[in-house]
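Examination of the molecular architecture
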Amino acid sequence: MDRTLRRSFAIPTAAKLELFMEDGQLGSHGAPAHEAVAEGHNSGPEHAATLLQEMEAITAEVQTLKEEAAAQIDVLSMVGGQDGDGGAPVPEVVEEEHSDESEHHVVSRDLICYHGFLTGCVERSIVTDRCGQRCRCSRGRFVQCTRVRREFTTMSRADREKYVRAVRTVSTDPRYKTDYDSMLTQHKTIFNSGIHQRDFFLPWHRWFMLQYENLLRRVDCTVTVPYWDWSVASRSPWRRRASDLWFPGNSGFGGNGEQTTEQCVTSGPFRRGVWNVVPSAGGSCLRRQFNLTDNPPDSAAVAEVLRIPHLQFDSFEIALRINLHDTVHCFIGGTMCSFDSAAAPEFMLHHGFVDKIWTDWQRRSAVHMHAHFSSVTAPMPGTNQLRTTAVLNNLRLPGGVRVQYQNPPRLQMRSRFGALRANSFGQASRGQFSVLSEIAIILFNVSKIEVEKARRLGMRLLPTRRRSGKRNLIDTS
């Protein structure tokens, strides 16, 4: 490779791109790429392999430079203030340990850009940007910036309160309320248009969550949609402790609805009198009617669903959609068990866990990642002709968004238990729960064929000694 080309690797990215890409030529001397590579070499077949390798190296370098330029654009829009101001002080760097990352992790506040490079950006370290995204430092720049979604009950009190405030803001502030109302109304409008059937259920709700999260981040860019792992809370899902979802304080969602026909929630930040559902849902109080006589599926049931092989995608999808998703909707009851379900603030946390289960299943292999949906050609309803393949990978979502679900330390046990049969946990460790709900079957218009499949799959999710008898399989309340 000639000296002019070698020297180009030491100059800034923008200049390198100009050098490499201008009119498809290399260098200021105007020699085409193949001539530049060949310059200085003798002609003849003995050099063909060497020339080919050098040309391939150039092609790879050009692609890398393109990616670096794109990353630099992202960084310029990410650092500094909201309006792109660049007068931030030299950042304070705090090192933290993270159990789910093997790399050195750095939390860097207000990193500043200096001639395209970030001060304090240590090569290959994991850095948290000003919006809470986890980024990798590469050649002085942020790359692969990823939103992190966490389990709600394991978040700090401050973070739980921040999320609740963001939801209250978008649902009441005139700057956001029109978009908020329109978004949640859309779910009701197309409820029976395929978004709760096999071809669209998982990808459409992944897309829907992304739109909701984007709206929240207009209020506070550090907010992501958390998830509620109801399987860990299966034995006592309705607790009201300070760290629980249903805590009546400002860091929770409030508790059960009144035991009246209205079922209005009277505690917490979404209680009657201080917060109302969207106009399309009646514009009145949020309703809940907890199923106090039964429980949602447990962690062993979720592990059993995750073990379903990719060649049995239909079984995986039915188990996740009908046995888990549909059932929990109507265990919460009230607004969540109606066509207005998206109007309930807990809707997104429930779907966050459903999406996490799908994500965990997809991560098992490339064929799991693309199972079924690669063959779905029809556009998803209400998405401006977006196809399912656009949201198959949470690390490649529309708008260049990357999303990662974080496992809290106490949930890492599930990764160990995943290799076990559900009935290997020991019967004493599993409580009573149901994996079908008659009212949910009606609400989600589940076909008789799918109900029968879900009934058979549900038997696999129950503890062995409780697999006989209707009571533990289907909730009839």
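Residues numbered from 1 in each chain as written. Predicted model: local features only at pLDDT ≥ 70, side-chain atom pairs only at ≥ 80, totals over all residues. Heavy atoms only, no water.

All right, on to the pairing of strand E8 (residues 134-138) then. In the sheet, strand E7 (residues 126-128) pairs with E8 via 3 bridges, with the strands oriented antiparallel. The residue bridging Ile126 from the neighbouring strand is Arg136, located in E8. Hairpin connection from E7 to E8: 5 residues lie between these consecutive antiparallel strands, with Gly132 at a positive phi of about 80°. Strand direction decides the pairing type here: E8 and strand E9 (residues 141-149), joined by 4 bridges, are antiparallel. Bridge pairing in E9 places Cys137 opposite Phe142. Between E8 and E9, which pair antiparallel and follow one another directly, the connecting turn spans 2 residues, one of which, Arg139, has a positive phi of 55°. (Pairing = 2+ DSSP bridges. Helix = DSSP H or I, 4+ residues; strand = E, 2+ residues; numbered from the N terminus.)

One can describe the packing of helix H5 (residues 157-172) onto helix H6 (residues 174-189) by two numbers: an axis separation of 5 Å at closest approach and a directional angle of 85°. Here H6 runs roughly perpendicular to H5, going by the angle between their axes. Facing Thr169, Val170, Ser171 and Thr172 of H5, the residues of H6 in contact are Pro174, Tyr176, Lys177 and Tyr180. Per-class residue counts for the contact of H5 with H6 are 4 nonpolar, 3 polar and 1 charged. (Axes fitted to C-alpha atoms, helices over the stretch in contact; angles between N-to-C directions. Parallel < 35°, antiparallel > 145°, perpendicular 65-115°, else oblique. Contact = heavy atoms within 4.5 Å. Nonpolar A, V, L, I, M, F, W, Y, C, P; charged D, E, K, R; others polar.)

With that out of the way, let us pick up the nonpolar core. Counting 94 residues, the largest nonpolar core has Tyr163, Phe208, Tyr212, Leu216, Phe253 and Phe316 as its most contacted members. Tallying contributions element by element places helix H9 (residues 313-332) first for this core, with 11 residues. Not counting residues within four places of it along the chain, the set of residues in contact with Leu216 comprises Tyr163, Ala166, Val167, Val170, Val223 and Val225. In this structure, Cys121, Cys135, Phe142 and Cys145 belong to the second largest nonpolar core, which totals 6 residues. (Core = buried A, V, L, I, M, F, W, Y, C linked by side-chain atoms within 4.5 Å. Buried < 20%, exposed > 50% of the residue type's maximum accessible area, 1.4 Å probe, protein only.)

A covalent bond between the sulfur atoms of two cysteines is referred to as a disulfide. Within this structure, the stated rule accounts for 5 disulfides. Taken in N- to C-terminal order, the disulfide-linked cysteines of the chain are connected 1-4, 2-6, 3-5, 7-8, 9-10. (Disulfide = S-S within 2.5 Å.)

What follows is about the confidence of the model for the chain. The pLDDT averaged across the chain works out to 79; a share of 68% of its residues lies at or above 70. A low-confidence stretch, residues 1-43 stays under pLDDT 50, and its non-local contacts, those more than four residues away or across chains, total 61 contacts. Here residues 67-110 scores under 50 on pLDDT; set against residues more than four positions off or in separate chains, the count is 79 contacts. (pLDDT = per-residue confidence, 0-100.)

Now for the packing of aromatic side chains. Tallying each qualifying case throughout the model produces 22 aromatic pairs. With a centroid separation of 6.5 Å and an interplanar angle of 10°, the aromatic rings of Tyr163 and Phe253 are classed as stacked. Here Tyr163, found in helix H5, pairs with Phe253, found in the loop between helix H7 (201-219) and helix H8 (299-306); they are 90 residues apart in sequence, far enough to count as distant. With relative accessibility at 2%, the residue Tyr163 sits in the buried group. Taken together, the ring pairs in this structure connect Phe152, Tyr163, Phe253, Phe270 and Trp275 into an aromatic cluster. (Phe/Tyr/Trp six-rings, centres within 6.5 Å; stacked < 30°, edge-to-face > 60°.)

On to the environment of Gly352. One can find Gly352 in helix H10 (residues 346-362). The exposure class assigned to Gly352 is buried, which follows from its relative accessible area of 0%. Separated by 146 residues in the primary sequence, Gly352 and Arg206 place their C-alpha atoms 8.3 Å from one another.

Bringing the packing of H7 against H10 into the picture now. As a packed pair, H7 and H10 sit with axes 10 Å apart at the nearest point and diverge in direction by 125°. By the angle between their axes, H7 is oblique relative to H10. Relative to H10, H7 is oriented so that their crossing is left-handed. Of H10, the residues touching H7 (which contributes Phe201, Leu202, Pro203, His205, Arg206, Phe208, Met209 and Tyr212) are Phe347, Met348, His351, Gly352, Val354, Asp355, Trp358, Thr359 and Gln362. (Left-handed = near helix turned anticlockwise from the far one by under 90°.)

As a working rule, side chains carrying opposite charge can pair if their charged atoms are close by. With the rule as written, the count across this model stands at 23 salt bridges. Note that Asp173 is salt-bridged to Arg175, the shortest N-O span being 2.8 Å. What makes Asp173 buried here is its relative accessible area of 18%. According to the relative accessible area criterion, Arg175 is exposed, its value standing at 60%. Between Arg456 and Glu452 there is a salt bridge; the shortest N-O distance is 3.9 Å. With Arg456 and Glu452 both in helix H14 (residues 448-461), this residue pair falls 4 residues apart, about one helical turn. Judged by its relative accessible area of 38%, Glu452 falls in the partly exposed class. Salt bridges linked by common partners bring Arg147, Arg149 and Glu213 together as one network. (Salt bridge = Lys/Arg side-chain N within 4 Å of Asp/Glu carboxyl O.)

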